[in-house]
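An overview of the molecular structure
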Amino acid sequence: MSLAGLPIAHRAPAQAGLEGVVVADTRLSHVDGERGELIIAGARAEDLALTEAIDFETVVQRLLELGSGETLVDVRQRLAEARVAAFARVAQLTPALTLPNTMDALLAATAQGAAGGDALSVLGSLPVFVAASARLHAGQPPIAPDPQRSTAQDLRIMLGLSDNPARARALDAYLVTVSDHGLNASTFAARVVASTGSDITPCILAGLSALKGPLHGGAPGPVLDMLDATTNVDARAWLEGELAAGRRIMGMGHRIYRVRDPRAFVFERALARLEQEDGESSAVPARLAHARRVEQAAEVLLCERHPERPLRANVEFYTALLLEAVGIPRELFTATFAVGRCAGWLAHIEEQRRTGRLIRPAARYVGQMPH
Ligand code: COA
């Protein structure tokens, strides 16, 4: 059948991954894939992440302030209250929180335990559900949040980790850095649901769902597996085996960046600072050196295979190292990413709502036509 009679939009070649398609104006973050620059709420990601006075709450306030006018004190207090309220629901959410996969548990607990909540109550619930799920999976009782702590400090304590300010600061740097990143898959999913007029929790569930697959948010665990697997073997040979088996190298490549992901630099600096500040993090330099060797081998190999397409380390490569160094178990990496990215989702949901416009692109019909 000829496409000649169809409107122009239907005749255009399908853009399956929507690359390069601009579907929203945003004041929340800017990703420059050529120069390797990330700006979040008007500031460079590295300046936010590595400035001591700026923690996750500060960035939440900056992102949400554009929509709701919350002060920093309000944000801190409301997130703390939300953690306490979420913890009160943990016992009744135990069947959800003990689902075998952490992301399934987080989805189910959020659907049941954060339904109808406003932005900050949903955001405050996530670290509680992540920590409670991990504790229950380990056969240990969940630990109650402490409203005097920040999100990063409290997440570590609720996981049963020691009260270590350097590691909490490094976790803060992580949460800040991943708080927003343009129209990535999960943020887009959240915005699509928001555009239908839905309330907040279903939008957040859409974002969480988009993190379940390995291509977005799911790579840090496998990156750590790769670093473990290559510790005593030739990294290049191991990587060649992965590619020969038809698998992608996790933590490498990015839809937008054509240079090394700027967040990888931020995490390397956060790791260096952690190593200086925390006497217990003496394993960091050796792990970092090994990661750089594997990264370099992967870069060379991918360049040989795709000379036309720079495939460099992305955020998830060094996420693996940073989260490992702050004591987060690898099965919680994606869920911890969700805690940070939830800030961006919420700000985008608000921004999308203000447009009042349903997101509804077109598909080109390539099926049979009736005779
Ligand atoms: N390992 C091996 N090959 C890779 C690769 C990787 N990490 N990333 C991309 N490629 C290959 C693709 O297979 C494709 O090759 P082909 O044309 O021979 O099939 C080519 O490079 C171009 O990639 P493209 O499909 O245009 O990339 P994309 O924009 O769709 O993918 C990612 C971006 C992130 C999904 C992709 O790089 C990837 O899967 N990375 C690994 C997962 C990961 O780290 N995710 C976290 C992202 S922050």
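A brief report on the enclosed structure follows. The structure presented is a predicted model; accordingly, all values stated were derived computationally and were not measured. Each chain has its residues counted from 1, following the order in which its sequence is written. In keeping with the model being predicted, local features are shown solely for residues with a pLDDT of at least 70 and side-chain atom pairs are shown and tallied solely at 80 or more, while totals for entire chains, interfaces and linings include all residues. Derived side-chain values reflect all non-hydrogen atoms in the structure, with water molecules and hydrogen atoms excluded from consideration.

Some remarks on the state of the cysteines
When two cysteine sulfur atoms are found within 2.5 Å, that pair is recorded as a disulfide. Here the structure, examined in full by the defined rule, presents zero disulfides. Free of any disulfide, Cys 203 has its nearest cysteine sulfur in Cys 342, 11 Å distant. A simple rule labels every residue: compare its accessible area, found with a 1.4 Å probe on the protein chains alone, to the largest value its type can have, and call it buried under 20%, exposed over 50%, or partly exposed in between. You can call Cys 342 buried: its relative accessible area is 0%.

Thoughts on the pairing of strand β1 (residues 29-32)
When DSSP finds two or more bridges between a pair of strands, those strands are recorded as paired. Secondary structure follows DSSP: runs of H or I at least 4 residues long count as helices, runs of E at least 2 residues long count as strands, and numbering of each begins at the N terminus. Of the pairings in the sheet, the one linking β1 to strand β2 (residues 37-40) comprises four bridges and is antiparallel in character. Of the residues in β2, the one forming a bridge with Val 31 is Leu 38. Between β1 and β2, which pair antiparallel and follow one another directly, the connecting turn spans four residues, one of which, Gly 36, has a positive phi of 70°.

With respect to the nonpolar core
Within this scheme, the nonpolar core is defined by two criteria: the residues are buried Ala, Val, Leu, Ile, Met, Phe, Trp, Tyr or Cys, and they are joined through side-chain atoms within 4.5 Å. Formed by 108 residues in total, the largest nonpolar core has its most connected members in Leu 106, Leu 171, Tyr 174, Ile 204, Leu 208, Phe 317 and Leu 346. Note on contacts: a residue pair is in contact if any heavy atoms of the two residues lie within 4.5 Å. Those residues in contact with Leu 346 that lie beyond four places of it in its chain are Leu 64, Ala 119, Leu 123, Ile 200 and Ile 204.

Observations regarding the packing of helix α6 (residues 102-113) against helix α17 (residues 333-355)
Note on method: axes are straight lines fitted to C-alpha atoms, helices fitted across the in-contact stretch only, with angles between N-to-C directions ranging 0 to 180 degrees. For the pair α6 and α17, the least separation of the axes is 8 Å and the interaxial angle reads 40°. Between α6 and α17, the crossing angle belongs to the class labelled oblique. As for how α6 packs across α17, the hand of that crossing is right-handed. When α6 is examined against α17, the residues Thr 102, Met 103 and Leu 106 are found in contact with a partner set consisting of Thr 334, Ala 335 and Ala 338. Note that the term roughly parallel is reserved for angles under 35 degrees, roughly antiparallel for angles over 145, roughly perpendicular for angles of 65 to 115, and oblique for everything else. Handedness of a crossing follows from how the near helix is turned relative to the far one, being left-handed for an anticlockwise turn of less than a right angle and right-handed for a clockwise one.

Description of the site of the ligand
Nearness of a residue to a molecule or strand requires only that one of the residue's heavy atoms be within 4 Å of it. Close contacts around the ligand come from 17 residues, with Arg 248, Ile 249, Gly 251, Met 252 and Arg 255 the closest. Here a polar contact is taken to be a pair of N or O atoms separated by no more than 3.5 Å, where protein atoms must pair a possible hydrogen donor with a possible acceptor and residues adjacent in sequence count only if both atoms sit in side chains. Asn 314 is positioned such that a nitrogen or oxygen atom in its side chain is 2.9 Å from an oxygen atom of the ligand. Using a 1.4 Å probe, accessible areas were evaluated by the Shrake-Rupley method; residue-level cover was limited to the displayed protein chains. Considered on its own, the ligand offers 860 Å² of accessible surface; in the complex 73% of this is hidden by protein. Both cavities and pockets are sets of points on a 1 Å grid over the protein atoms alone; in a cavity a 1.4 Å probe fits but cannot get out, in a pocket the set is open with protein on both sides within 12 Å along at least five of seven lines, and lining residues sit with an atom within 4 Å of a point. Assignment to a cavity or pocket requires that more than half of a molecule's atoms be within 2 Å of the site's grid points. In a pocket analysis with a 2 Å cut-off to the grid points, the ligand is assigned to the largest pocket.

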